[in-house]
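One-letter residues, chain by chain:
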Protein chains: 4
Amino acid sequence: MNPEEIRIAICGASGYTGGELLRILGKHPHARITAVTSERSAGKPVTDLFPHLHGRGALVFEPLDKQVLLDKADLFFMALPHGASQEAVNFLHSNGKKVIDLSADYRLKNPDAYRRWYKHAHAFPETIKRAVYGLVEINRDKIPGATLIANPGCYPTSILLALYPAVKRGLIDTTHIVINSASGVSGAGRKAETYYSFCEIHDSFRAYAVTSHRHTPEIEQELSIMAGCDTAVNFTPHLLPVNRGMLSTVCAPLLKNISQQEMLDVYREFYDKEPFINVLRDGVFPDIRNVRGTNRCDLGLAVNERTKSLILVSAVDNLVKGASGQAVQNMNLMCGFEETEALTDIAIVP
Amino acid sequence: MNPEEIRIAICGASGYTGGELLRILGKHPHARITAVTSERSAGKPVTDLFPHLHGRGALVFEPLDKQVLLDKADLFFMALPHGASQEAVNFLHSNGKKVIDLSADYRLKNPDAYRRWYKHAHAFPETIKRAVYGLVEINRDKIPGATLIANPGCYPTSILLALYPAVKRGLIDTTHIVINSASGVSGAGRKAETYYSFCEIHDSFRAYAVTSHRHTPEIEQELSIMAGCDTAVNFTPHLLPVNRGMLSTVCAPLLKNISQQEMLDVYREFYDKEPFINVLRDGVFPDIRNVRGTNRCDLGLAVNERTKSLILVSAVDNLVKGASGQAVQNMNLMCGFEETEALTDIAIVP
Amino acid sequence: MNPEEIRIAICGASGYTGGELLRILGKHPHARITAVTSERSAGKPVTDLFPHLHGRGALVFEPLDKQVLLDKADLFFMALPHGASQEAVNFLHSNGKKVIDLSADYRLKNPDAYRRWYKHAHAFPETIKRAVYGLVEINRDKIPGATLIANPGCYPTSILLALYPAVKRGLIDTTHIVINSASGVSGAGRKAETYYSFCEIHDSFRAYAVTSHRHTPEIEQELSIMAGCDTAVNFTPHLLPVNRGMLSTVCAPLLKNISQQEMLDVYREFYDKEPFINVLRDGVFPDIRNVRGTNRCDLGLAVNERTKSLILVSAVDNLVKGASGQAVQNMNLMCGFEETEALTDIAIVP
Amino acid sequence: MNPEEIRIAICGASGYTGGELLRILGKHPHARITAVTSERSAGKPVTDLFPHLHGRGALVFEPLDKQVLLDKADLFFMALPHGASQEAVNFLHSNGKKVIDLSADYRLKNPDAYRRWYKHAHAFPETIKRAVYGLVEINRDKIPGATLIANPGCYPTSILLALYPAVKRGLIDTTHIVINSASGVSGAGRKAETYYSFCEIHDSFRAYAVTSHRHTPEIEQELSIMAGCDTAVNFTPHLLPVNRGMLSTVCAPLLKNISQQEMLDVYREFYDKEPFINVLRDGVFPDIRNVRGTNRCDLGLAVNERTKSLILVSAVDNLVKGASGQAVQNMNLMCGFEETEALTDIAIVP
């Protein structure tokens with residue numbers, strides 16, 4: 001089934017992931033955006049908030065009125081804050097709409113874990129069960145038939161894609177994984193906070209949410225599924241003085257004697273058919289600039305023979321493969337479009 | 001005449017304008033790149049120097065052998081350094097090839113001016129006469145029939161597009177124009193020089209080539225044609241700590257009593273049909289980030305009633321509308337393609 | 001009179017100029033900070049807001065209670081927002097305190113101009129008459145005896161220091177001055193606004209407040225005094241993606257035939273004894289990075305013989321010579337300390 | 001013994017560490033710089049290469065003539081490239097001079113390790129034995145009597161200071177330490193290489209020298225001494241798009257049940273008297289901007305109870321505590337000056 005055109009609404013469209021959805025879907029031959037919501041900017045043309053979208057149509061923000069939206073669209077991208085997304089997603093989904101939720105609200109399968117990490121209860125545990133974790137490269141089979149996608153977090157995307165082949169093949173010890181990631185500031189959203197003001201970030205670099213980042217249980221949940229046993233990871237995120245881009249450096253003890261070349265072969269074989277995964281050649285490591293604005297994940301690795309460890313480095317654009325691009329990738333599969341439709345752009349370098 | 005496909009060679013393809021030509025032409029349905037030259041990188045795959053181009057084909061740099069190239073391509077983009085371009089352009093053009101020269105070698109109509117500003121003689125003054133100055137919005141009529149295009153410099157592009165309507169309508173005094181521009185560092189090319197190393201540029205801002213920048217005679221030549229009389233301008237370029245983007249702020253005395261609204265109307269009328277010129281609404285001024293990676297020129301203006309002056313502000317991407325994008329725009333017109341083919345991308349923001 | 005120690009209060013100390021006053025005065029052998037005020041951060045240690053000040057004492061913010069403050073300090077630095085400063089300055093000054101006001105409230109001599117540009121009336125026009133405009137290099141004689149200093153704005157500082165010698169000597173036409181300035185973001189203060197958030201500024205460059213910036217009447221007032229006649233200028237400020245630093249590029253028609261070398265001699269002679277003015281050698285122009293964190297103003301110039309114009313370029317740190325450093329320079333003169341006390345640091349480069 | 005003044009030569013003074021030595025020593029009351037060497041810039045005034053040093057004297061670079069230098073100075077800072085330093089250090093030291101070597105040439109005690117990691121032999125293994133590893137906080141007792149200091153590398157400084165208390169107290173498993181560091185670009189020196197040009201670094205972030213960085217054996221050597229047994233670490237450095245600053249994030253399994261609060265107490269006790277180590281309060285982590293331009297090391301830590309691991313984060317300025325500042329700290333102890341002399345500046349923030 002490949003419909004000529006699908007009607008799309010974006011709820012919470014005035015932030016950075018909303019802007020990216022507008023940019024990407026604007027190039028999609030089968031997508032027609034019929035509604036964009038923003039409480040604060042209701043009534044304003046989209047180009048007031050996103051001048052770079054000039055020439056891409058005359059959309060105007062409207063408030064999120066669920067009943068009104070039901071008539072307007074077939075598929076909904078939800079870019080609302082965590083917590084705020086729960087109820088709207090449940091409503092739209094239970095009314096038969098396809099929903100891709102970019103918030104964290106439907107990612108954790110265990111409502112207790114949700115409550116523990118997000119500090120409030122989940123009101124729709126039954127709906128959680130319907131949600132498919134939309135990391136395409138891992139859950140590809142489940143997505144075409146899904147009606148509710150929990151679009152992965154940016155950190156988990158970059159980390160799980162790096163670890164997947166080695167974990168699936170049983171090559172590393174999943175009980176001693178150490179992950180350090182660094183993200184561009186857009187990952188924090190479009191916010192009026194002194195903490196994220198230019199002068200507080202420029203020329204700075206810092207770790208944050210040490211031992212407490214909410215993407216930790218998401219990483220551990222998916223890693224445990226891959227590994228077939230419970231895992232806990234040391235995950236330390238950092239804030240980079242750039243707009244976009246995320247680099248994750250993962251270290252894990254090797255379980256087997258394997259050379260760097262053999263490990264690269266494992267990765268190449270695993271990701272051979274993946275249109276968005278780029279395993280770099282021996283000795284080359286990713287740079288966030290090469291994936292900026294793209295849905296690509298670049299991967300590099302090294303086997304440290306002195307310490308019997310594997311070092312993995314992955315780069316994604318936190319707003320594209322880490323959010324809106326991956327959401328469109330999920331839409332493409334859900335709707336029977338080409339997986340790469342609207343997602344073939346390469347980075348603007350330098 | 002709209003050929004199915006045209007064979008294209010890029011001479012001097014290992015620099016930033018070369019990379020941009022590869023990125024843009026990679027999306028062009030009628031362009032097939034058949035040769036890319038680089039003396040220093042001959043034999044290397046293009047993706048060694050441009051990892052972001054991964055997946056866009058398997059081109060390998062070759063040395064610039066003119067005889068060999070003659071058989072390989074129908075249209076040549078010349079991205080060689082000033083001076084080095086002269087002879088190759090002349091050879092290819094005199095052998096019946098279409099040539100778009102991104103260097104400055106064929107921009108100045110007066111060989112004496114060339115010698116004065118570039119410090120060496122021009123060996124092919126007759127060929128200069130065949131060259132069309134490829135600022136499409138001003139010379140649109142001459143480009144379809146042209147066989148040699150002198151692709152405009154980045155500063156002149158941003159400045160001439162800002163001044164064109166006011167000068168053509170006789171609204172400003174062209175003898176007292178003051179121009180301040182600021183450019184991203186990629187305008188200097190891909191260079192191994194301490195002066196352009198990260199630590200020497202980051203967190204810096206400086207004027208350079210004060211009263212002596214080589215784009216000055218190019219600006220004055222075209223401005224004099226527009227105005228119908230000789231003009232000299234005060235042009236001061238500055239170096240911005242960003243990769244891309246160019247902002248020009250132009251100030252000129254008004255010759256007539258005209259309101260800001262009327263002036264905006266003049267500009268809107270002039271550029272109404274231009275696909276790449278975006279006259280911003282009243283009170284809004286351009287930001288380089290909104291045009292980065294695009295062929296767009298954003299324009300804002302103010303009438304200063306206290307000083308009876310016009311302030312114009314324009315933004316372009318120095319590598320796209322200021323170089324490679326404009327070159328492809330010229331190619332599109334020369335070859336009968338849609339003018340906007342491969343040039344419709346919008347900026348990646350933030 | 002050189003007291004051993006002077007007691008100092010900083011009102012509005014939680015912003016960037018407040019932080020700079022704390023940093024600079026922390027090195028001053030004759031200054032003892034006895035009170036720092038902030039409504040929003042009252043009760044918090046200074047190092048909570050300024051972790052870089054760790055080890056520089058245990059100051060705690062207090063609310064601005066004027067009666068309480070009267071007993072605590074002899075000299076007050078006022079770093080309150082424009083408008084908010086008026087009344088507090090008047091109270092402290094009329095109670096016999098020395099006051100250095102970093103706001104704009106006492107800079108404009110004409111209350112009508114204040115009302116026109118700042119959109120509210122000035123309640124203390126008599127106190128304005130007591131204020132000395134604290135641009136030391138121009139008003140040096142008036143400062144030792146002053147009790148109220150209107151500390152100059154950052155843009156006027158960088159611009160007036162550039163123009164002073166040429167205007168005083170009658171070398172340029174003051175009716176056609178065009179000024180383009182670019183400032184680091186800290187000039188906007190420490191603000192929770194989306195407009196100033198990292199992702200909205202990084203990789204951007206834009207003009208703002210075109211024809212309407214409030215420093216314009218301040219520049220024109222002082223320029224008119226220098227020139228001995230009314231002047232109006234075209235002043236266009238721009239926002240640079242750096243934390244600190246301000247570069248002003250000024251263009252004016254020459255009134256006399258004068259060579260670049262002669263003009264440099266005029267400037268060197270004028271500023272020969274000035275400890276903070278650095279006239280660069282022939283052909284060298286300032287870079288903001290060389291003055292960052294310092295009270296220095298670097299100046300370069302060129303005579304454009306083709307256009308019979310003078311191009312001046314000046315660089316200051318908007319928070320130091322453009323605000324807090326200049327305020328301490330004024331304090332040093334008011335209190336009989338060495339003019340350069342606590343102000344001799346050079347820039348951290350790179 | 002506190003001499004009035006010591007005569008100092010800086011060999012290899014035209015790079016960034018040389019510039020920092022000039023900046024710092026320029027404030028030192030007991031230091032007189034009598035010679036600065038640079039082969040490439042011999043004959044040029046220091047301010048040609050370092051305009052920010054204007055006003056700090058009239059030094060001129062000279063070539064490195066060892067015999068000439070012997071008469072000129074009592075103490076030598078050697079900021080030559082690795083390899084180039086060996087012979088000059090040996091000559092000056094064997095002629096009775098005090099030498100502080102900022103290169104890596106005398107850091108590794110084992111000449112075989114030097115050969116393995118630096119790819120050439122060490123010609124003066126006997127002199128290595130005389131060198132003291134100048135990490136003051138760890139080797140304080142040995143420095144006053146030393147005549148040859150091997151000034152630590154920037155990465156080892158930031159990492160060893162973070163690990164020292166936990167390792168000394170036997171609180172962590174030293175066989176599974178994972179270290180991720182990120183450095184500003186100045187760590188690579190002042191180089192004319194395309195790789196370090198602005199456009200190749202800005203907006204980028206990448207790992208480099210994965211498993212092969214030359215600071216690895218230095219870290220392991222000192223860690224093994226601390227721990228009393230051989231250790232090997234996983235160390236992955238990254239390149240940050242900032243000029244200065246280094247953040248190291250270290251993860252190690254805990255050997256004992258210890259709370260975060262108890263761990264902080266251990267660190268506070270260890271570093272209580274250290275003038276340059278700043279253990280941050282519970283829940284606060286360092287940011288490179290707070291130590292920029294200073295000799296300070298900021299430390300934060302977290303105990304991860306879910307993974308039974310310790311996370312340490314340290315920040316230093318790679319050019320100051322990671323190079324030139326630490327070198328002056330060593331000089332102060334060697335010469336009987338106050339340890340903090342010339343090193344009390346705080347950071348310029350923002």
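Because the structure is a prediction, the values reported are computed rather than measured. (Residues numbered from 1 in each chain as written. Chains lettered and ligands numbered in written order. Predicted model: local features only at pLDDT ≥ 70, side-chain atom pairs only at ≥ 80, totals over all residues.)

**Student:** Teacher, can you tell me more about the overall build of chain A here?
**Tutor:** Within chain A, the regular secondary structure consists of 12 helices and 14 strands. Taking 20 Å as the expected radius of gyration for a compact globule of 350 residues, we find that chain A reaches 20 Å, a close match to that expectation. With the C-alpha coordinates of chain A rotated into their principal frame, the extents come out at 60 × 45 × 40 Å. Within the span of chain A, comprising 350 residues, buried residues form 60% of the whole. Pairs at least 24 apart in sequence give 69% of the contacts found in chain A among residues at least 6 apart. (Helix = DSSP H or I, 4+ residues; strand = E, 2+ residues; numbered from the N terminus. Rg over C-alpha atoms; globule rule 2.2 N^0.38 Å. Buried ≥ 20, exposed ≤ 12 C-beta atoms within 10 Å, placed from the backbone. Contact = placed C-beta atoms within 7 Å.)

**Student:** Help me out: how do you make sense of the confidence of the model for chain A in this one?
**Tutor:** Taken as a whole, chain A shows an average pLDDT of 97; of its residues, 99% reach a score of 70 or greater. Here the complex is predicted with pTM 0.97, and the ipTM for its interfaces comes to 0.97. (pLDDT = per-residue confidence, 0-100.)

**Student:** Please clarify how the relation of the copies chain B and chain C should be interpreted in this entry.
**Tutor:** Here two copies of a chain appear, and what relates them is a rotation about an axis with a shift along it. Between chain B and chain C, the superposition needs a rotation of 180° and an axial shift of 0.0 Å, giving an RMSD of 0.0 Å. Expressed as an axis order, the relation between the two copies is that of a two-fold axis. A share of 100% of interface residues in chain B that are also interface residues in chain C marks the association as one of identical surfaces. (Least-squares fit on C-alpha atoms with pLDDT ≥ 70 in both.)

**Student:** Just checking my understanding: could you explain the interface of chain B and chain C for this structure?
**Tutor:** Interfaces are often sized by the accessible area lost when the parts come together. Contact with chain B, which involves 37 residues of that partner, is made by 37 residues of chain C. At the level of secondary structure, the elements contributing two or more residues to the side of chain B that touches chain C comprise strand S8 (178-183), helix H9 (198-201), strand S9 (206-207), strand S10 (234-239), strand S11 (246-253), strand S13 (297-304) and strand S14 (309-316) of chain B. Its residues assigned to classes, the side of chain B that touches chain C shows 20 nonpolar, 11 polar and 6 charged. (Nonpolar A, V, L, I, M, F, W, Y, C, P; charged D, E, K, R; others polar.)

**Student:** I would appreciate a short explanation of the relation of the copies chain A and chain D in the present structure.
**Tutor:** Its rotation angle being 180°, the transformation that places chain A on chain D also includes 0.0 Å of axial translation and leaves an RMSD of 0.0 Å. An overlap of 100% is found between the interface residues of chain A and their copies at the interface of chain D, pointing to a shared contact surface.

**Student:** Even after reading the chapter, I still don't get the pairing of strand S1 (residues 6-11) of chain C, so can you show me in this structure?
**Tutor:** In summary, the side chains of a regular strand alternate between the two faces of the sheet. All names here are of chain C. The element S1 is extensively covered by neighbouring structure, given that 5 of its 6 residues are classed as buried. Both S1 and strand S2 (residues 31-37) contribute to a ladder of 6 bridges, which runs parallel. Opposite Cys11, over in S2, you have Thr37 as the bridge partner. For the crossover that starts at S1, traverses helix H1 (residues 16-25) and ends in the parallel S2, the hand is right-handed. (Pairing = 2+ DSSP bridges. Right-handed = clockwise from strand over helix to strand, strands pointing away.)

**Student:** Whenever I open this one, the domain arrangement of chain A confuses me. Can you help?
**Tutor:** All names here are of chain A. The domain boundaries assigned to chain A delineate domain 1 (6-152 + 321-334) and domain 2 (155-318). Facing the 20 residues of domain 1 at the interface are 24 residues of domain 2. Mapped by element, the contributors of at least two residues to the side of domain 1 that touches domain 2 are helix H5 (111-118), helix H7 (136-139) and helix H12 (320-334). Residue contributions to the side of domain 1 that touches domain 2 peak at 6 residues, all from H12. Residue composition of the side of domain 1 that touches domain 2, grouped by class: 11 nonpolar, 5 polar and 4 charged. (Domains from an automatic or database assignment.)

**Student:** Is there a simple way to think about the packing of helix H1 (residues 16-25) of chain A against H12 of chain A in this case?
**Tutor:** Helix packing geometry: the angle between the two helix axes and the distance between the axes. Residue and element names in this part refer to chain A. One way to put it is that H1 packs onto H12 with a least axis distance of 9 Å and a crossing angle of 45°. By the angle class used here, H1 and H12 are oblique. Between H1 and H12 lies a crossing of right-handed hand. Only Val320, Ala323, Ser324, Gly325, Ala327 and Val328 of H12 make contact with H1, whose side of the interface consists of Thr17, Glu20, Leu21, Ile24 and Leu25. Along the lines of polarity and charge, the residues of the contact of H1 with H12 split into 7 nonpolar, 3 polar and 1 charged. (Axes fitted to C-alpha atoms, helices over the stretch in contact; angles between N-to-C directions. Parallel < 35°, antiparallel > 145°, perpendicular 65-115°, else oblique. Left-handed = near helix turned anticlockwise from the far one by under 90°.)

**Student:** Looking at this model, I keep getting lost on the interface of chain A and chain D. Mind explaining?
**Tutor:** In this complex, chain A contributes 37 residues to the contact, which on the side of chain D involves 37 residues. If you list the elements that add at least two residues to the side of chain A that touches chain D, you get strand S8 (178-183), helix H9 (198-201), strand S9 (206-207), strand S10 (234-239), strand S11 (246-253), strand S13 (297-304) and strand S14 (309-316) of chain A. Residue classes in the side of chain A that touches chain D are distributed as 20 nonpolar, 11 polar and 6 charged.

**Student:** Please clarify how the pairing of strand S14 (residues 309-316) of chain D should be interpreted in this entry.
**Tutor:** All names here are of chain D. Among the 8 residues that make up S14, 8 are buried, leaving the element largely enclosed by the rest of the structure. Both faces of S14 are covered, namely the face carrying Ser309, Ile311, Val313 and Ala315 and the face carrying Leu310, Leu312, Ser314 and Val316. Two strands pair when backbone bridges link them, and strand S11 (residues 246-253) and S14 are joined in this way by 8 bridges, in the antiparallel orientation. What sits directly across from Ser248, in S14, is Ser314. Note that strand S13 (residues 297-304) and S14 share 7 bridges and pair antiparallel. What sits directly across from Asn304, in S14, is Ser309. The hairpin formed by S13 and S14 contains 4 residues between the paired strands, and Lys308 there has a positive phi angle of roughly 55°.

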